[in-house]
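Listed below, chain by chain, are the residues.
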Amino acid sequence: MSKGEVIAGYLAPHPPHLVYGENPPQNEPRSRGGWETLRWAYERARATLDELKPDVLLVHSPHWITQQGHHFLGVKELSGKSVDPIFPNIFRYTFELEVDVELAEAICHEAGQMGLTAKMMRNPKFRVDYGTITTLHMIRPQWDIPVVGISANNSPYYLTTQEGLAEMDVLGRATRKSIEASGRRAVVLASNTLCHYHFSKEPEPPEDMSQEHPENMEGYLWDMRIIDLLRRGHIKETFDILPRFIEEAFAEVKSGAFTWMFSAMDYPELAGELHGYGTVIGTGNAVMEWNLVKAGLAKAA
Ligand SMILES: [Fe+2]
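Cut-offs and rules
Residues numbered from 1 in each chain as written. Predicted model: local features only at pLDDT ≥ 70, side-chain atom pairs only at ≥ 80, totals over all residues. Heavy atoms only, no water. Helix = DSSP H or I, 4+ residues; strand = E, 2+ residues; numbered from the N terminus. Rg over C-alpha atoms; globule rule 2.2 N^0.38 Å. Buried < 20%, exposed > 50% of the residue type's maximum accessible area, 1.4 Å probe, protein only. Lys, Arg positive; Asp, Glu negative; His and termini not counted. Charge placed at Lys NZ, Arg CZ, Asp CG, Glu CD. Donors = N, O, S within 2.8 Å, 3.2 Å for Na, K, Ca; no water. Polar contact = N/O pair within 3.5 Å; in protein donor to acceptor, adjacent residues only side chain to side chain. Contact = heavy atoms within 4.5 Å. Salt bridge = Lys/Arg side-chain N within 4 Å of Asp/Glu carboxyl O. Pairing = 2+ DSSP bridges. Phe/Tyr/Trp six-rings, centres within 6.5 Å; stacked < 30°, edge-to-face > 60°.

Draft legend 1. Just the overall build of the protein, in detail. Looking only at helices and strands, the protein features 9 helices and 10 strands. For 301 residues, the compact-globule estimate of 2.2 N^0.38 gives 19 Å, and the C-alpha radius of gyration of the protein, at 18 Å, lies within 12% of that figure. Projecting the C-alpha coordinates of the protein onto the three principal axes gives extents of approximately 55 × 40 × 40 Å. Here the protein holds 301 residues, and 60% of them are scored as buried. When the 29 positive and 40 negative side-chain charges of the protein are each reduced to one mean point, those points stand 3 Å apart.

Here is the structure:
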């Protein structure tokens, strides 16, 4: 078996509005569109993901919150209906997905070896959260690649942000090591919004784009500053200011996916490709790609 590799990472945010705007058959509510700039960004990301031909997609979701430890989907076939508890009016999605249980178990074991509390989720009727589903649907609507789903342990909220994110860094290293041992060609997906200030009322209909804009200017400026650093490949500098970004822009990267993804990629000082940016109920969302094959840091299929 040849050595496995992380072949790319994507910042792949999960506002359920994007699925709602697409009107896929799996989602019950119907829309007249909306949030096109972000949906077109995902179209571009889908094309590059398709070229990469990964064996597995790994996603860390802020909306599968676990209080104790880092959990992993551990049932080969999961299906059911996922409903967003905040926006049940726009997201009621019938899902069916295949889990790469072997890889999930390997990461879970490795995370334990590295000192984290880690656990496999074995409930066959488990309702997969809308963050995991939205990210996966938007990046690969065919649902034909096995997945590893990882929970967001609440440590950044219980401990300090730095202590919590240090755990996500360990989780990323456990992920990388297990992928290498597995022989898989893996894509890591950080299901994170950037600035997370949002409106508390939605327009009628929700897809009325005349009402969509950043919730506040300071948060928007923070997003532009972070995106500028990422586009120039200043990853170390991004992580240096990440705690301030989290604090001042209420950024969702606090929940750990962004740190986990970069740790799994071993923090390459590599320019990210911005596929697009847009707001959803005022929050800032960027779809970005770090293609390690294109950069010569991983082998082509
Ligand atoms: Fe979220």
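Read on for the rest.
Draft legend 2. The coordination of the iron ion, seen in detail. Distances from the iron ion to its protein donors, namely His14 (NE2), His63 (NE2) and Glu252 (OE), fall within the range 2.0 to 2.2 Å. All donor residues of the iron ion come from one chain, and their arrangement in sequence is H-x48-H-x188-E. Residue His14 is found in the loop between strand S1 (5–11) and helix H1 (16–22), and its partner His63 is found in strand S2 (residues 56–66); the two are separated by 49 residues along the sequence.

Draft legend 3. Spotlight on unusual backbone geometry. The omega torsion across Glu204 and Pro205 is 0°, close enough to zero to call that bond cis. Within the secondary structure layout, Pro205 lies in the loop between strand S8 (185–190) and helix H7 (217–231). Of note in this structure, Trp35 is not a glycine but carries a positive phi near 55°. With respect to the helices, strands and loops of the structure, Trp35 is situated in the loop between H1 and helix H2 (36–52). With phi around 65°, Asp266 is a residue other than glycine that occupies positive phi space.

Draft legend 4. Quick peek at the side chain of Asn291. For Asn291, the position within the fold is in strand S10 (residues 283–291). Looking at Asn291, the relative accessible area reads 12%, which means it is buried. Engagement of the side chain of Asn291 in a polar contact is seen with the backbone nitrogen of Val293, the distance being 3.1 Å. There is a polar contact of 3.0 Å between the side chain of Asn291 and the backbone nitrogen of Lys294. With residues near it in sequence (within four places) discarded, Asn291 still touches Ile7, Ala8, Leu52 and Leu270.

Draft legend 5. Local environment of the pattern of salt bridges. In the structure shown here, the tally under the stated rule is 20 salt bridges. A salt bridge links Arg46 to Glu22; the shortest N-O distance between them is 3.2 Å. Placement of Arg46 in helix H2 and of Glu22 in helix H1 is noted, with a sequence separation of 24 residues between them. Here Arg46 falls in the buried class, since its relative accessible area comes to 16%. A relative accessible area of 24% means that Glu22 is categorised as partly exposed. Among the salt bridges present, the one from Lys177 reaches Glu110, with a minimum N-O distance of 3.2 Å. In this pair, Lys177 is assigned in helix H6 (residues 161–182) and Glu110 in helix H3 (residues 101–113), connecting sequence segments 67 residues apart. Lys177 gets classed as partly exposed once you look at its relative accessible area, which sits at 46%.

Draft legend 6. Just the pairing of S2, in detail. Of all the 11 residues making up S2, 9 are buried; the element is thus mostly covered by neighbouring parts of the structure. In terms of strand pairing, S2 meets strand S7 (residues 147–153) through 6 bridges, oriented parallel. Paired with Ile65 across the bridge in S7 is Ala152.

Draft legend 7. Region of the structure containing the packing of aromatic side chains. Tallied over the entire structure, the rule returns 13 aromatic pairs. Measuring from ring centre to ring centre gives 5.5 Å for Trp222 and Phe245, while their planes differ by 45°; the resulting arrangement is tilted. Of this pair, Trp222 sits in helix H7 while Phe245 sits in helix H8 (residues 235–249); the two residues are 23 residues apart in sequence, bridging distant segments of the chain. The residues Trp222 and Phe245 share a single accessibility class, namely buried. By the ring-pair criterion, three or more aromatic residues cluster together here, those being Phe239, Phe258, Phe262, Tyr267 and Trp290.

Draft legend 8. Expanded view of the environment of Trp222. Accessibility expressed as a relative area gives 6% for Trp222, which makes it buried. Spatially, the C-alpha atom of Trp222 lies 20 Å from that of Thr37, the residues being 185 residues apart in sequence. Contact partners of Trp222, with chain neighbours within four places excluded, come to Ile241, Arg244, Phe245, Glu248 and Ala249.

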